[in-house]
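Architecture and fold: a report
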Amino acid sequence: MKKSTWPIRAAIAALLLPATAVAAPTASAESATPDRITSSGLSARSPELSASATSTVTNGPWSCTLTASNPNRWFGGSGGGEQGIGSVSCTGGVVMPAIYVAVGLYRNGSLIASDQLEKANSIVVNRVASASPHVSAAYETGALGAVLWPDNTITEIPQIYSIVVRT
């Protein structure tokens with residue numbers, strides 16, 4: 001059976017909208033199912049100053065940390081380029097029922113590449129957004145996420161940003 005592309009199309013459409021804030025609290029247990037984790041759009045522009053490259057959310061004994069790595073240069077494929085990695089790492093002794101993570105690579109404050117992963121069942125999830133070819137500029141990684149906890153509630157993790165790396 002072919003996977004529906006509407007969530008990806010919705011995320012791409014959200015990228016074209018002006019920058020939006022992502023709400024942080026949880027949904028009620030009645031409305032939370034793995035299919036209800038939806039993608040919030042990455043901001044079209046990064047902020048002037050980044051607050052933190054990590055964000056941790058907890059729910060009872062469980063904890064998940066979203067990380068936006070510093071952008072780095074990669075070589076290979078079609079000549080290489082810049083990439084940013086967003087990851088979610090969870091603790092608490094169980095595999096989370098579902099994790100969503102989206103990552104964007106920003107050049108001079110504007111989103112130039114993005115990638116997302118929906119409904120991964122894991123303790124560690126990584127996504128890479130990369131752009132090619134390399135140009136001298138200021139690069140930054142942005143990431144956002146959501147976790148469906150074992151108690152069937154959802155917590156969104158608002159977008160965070162790495163430090164700016166000038167190449």
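Model, not experiment: these values are computed from the prediction. (Residues numbered from 1 in each chain as written. Predicted model: local features only at pLDDT ≥ 70, side-chain atom pairs only at ≥ 80, totals over all residues. Heavy atoms only, no water.)

**Some thoughts on the overall build of the protein chain**
Heads up, the rule is: In this text, helices come from DSSP runs of H or I with a minimum length of four residues, and strands from runs of E with a minimum of two, each type numbered from the N-terminal end. Working definition: with a 1.4 Å probe on protein chains only, accessible area under 20% of the residue-type maximum means buried, over 50% means exposed, and in between means partly exposed. Calculation of accessible area relied on Shrake-Rupley with a 1.4 Å probe; when residues are assessed, cover is drawn exclusively from the protein chains displayed.
Scanning the protein chain from N- to C-terminus turns up 1 helix and 10 strands. The order of helices and strands in the protein chain, counted from the N terminus, is α-β-β-β-β-β-β-β-β-β-β. For the protein chain, with 167 residues in total, the buried portion stands at 40%. If you sum the accessible surface of the protein chain, you get close to 8,500 Å²; carbon and sulfur atoms cover 57% of it.

**A few points about the nonpolar core**
Note the following rule: To qualify as a nonpolar core, a set must consist of buried Ala, Val, Leu, Ile, Met, Phe, Trp, Tyr and Cys residues joined through side-chain atoms within 4.5 Å. Any pair of residues with heavy atoms lying within 4.5 Å of one another is described as a contacting pair.
Among the nonpolar cores identified, the biggest contains 17 residues, and Cys-64, Leu-66, Val-88, Met-96 and Trp-149 are the most heavily contacted of them. Put simply, the parts of the chain that give this core at least two residues each are β2 (62-68), β4 (81-91), β5 (98-107), β8 (138-148) and β9 (154-161). Ranked by residues supplied to this core, first place goes to β2 with 4 residues. Dropping the residues within four chain positions of it, Cys-64 is found in contact with Ser-55, Thr-56, Val-57, Val-88, Ser-89, Cys-90, Met-96, Val-147 and Trp-149.

**Some words on the pairing of β5**
What counts, and what does not: Pairs of strands are assigned from DSSP output, requiring at least two bridges between the strands.
Judged by how many residues are buried, β5 sits mostly within the fold: 9 of 10 residues are covered. Judged from the 10 bridges that link them, β5 and β8 form a sheet pairing that is antiparallel. Paired with Ile-99 across the strands is Val-147, a residue of β8.

**A look at the environment of Ala-137**
Its location among the elements puts Ala-137 in the loop between β7 (124-131) and β8. Accessibility expressed as a relative area gives 11% for Ala-137, which makes it buried. Each C-alpha atom, one on Ala-137 and one on Gly-109, is 9.8 Å from the other, the two residues being 28 residues apart in sequence. Leave out the neighbours within four places in its chain, and Ala-137 touches Arg-107, Asn-108, Val-165, Arg-166 and Thr-167.

**What to know about unusual backbone geometry**
Glycine aside, a negative phi is what most residues show, and trans is what most peptide bonds show. In this structure, Asn-108 takes a positive phi of about 50° despite not being glycine. Its location among the elements puts Asn-108 in the loop between β5 and β6 (110-120). The phi torsion at Asn-152 lies on the positive side, around 75°, for a residue other than glycine. Considering the arrangement of structural elements, one finds Asn-152 in the loop between β8 and β9. Overall, the relative accessible area of 30% leaves Asn-152 in the partly exposed class.

**Points about the confidence of the model for the protein chain**
Quick note on the threshold: Confidence per residue, as judged by the predictor, is encoded in pLDDT with a range of 0 to 100.
Per-residue pLDDT for the protein chain averages 74, and the proportion of residues at 70 or more is 71%. Within the protein chain, strand β1 (residues 54-59) carries the highest mean pLDDT (94), whereas helix α1 (residues 6-16) carries the lowest (31). Scored below 50 in pLDDT, residues 1-35 shows 48 contacts in the model against residues more than four places distant or in partner chains.

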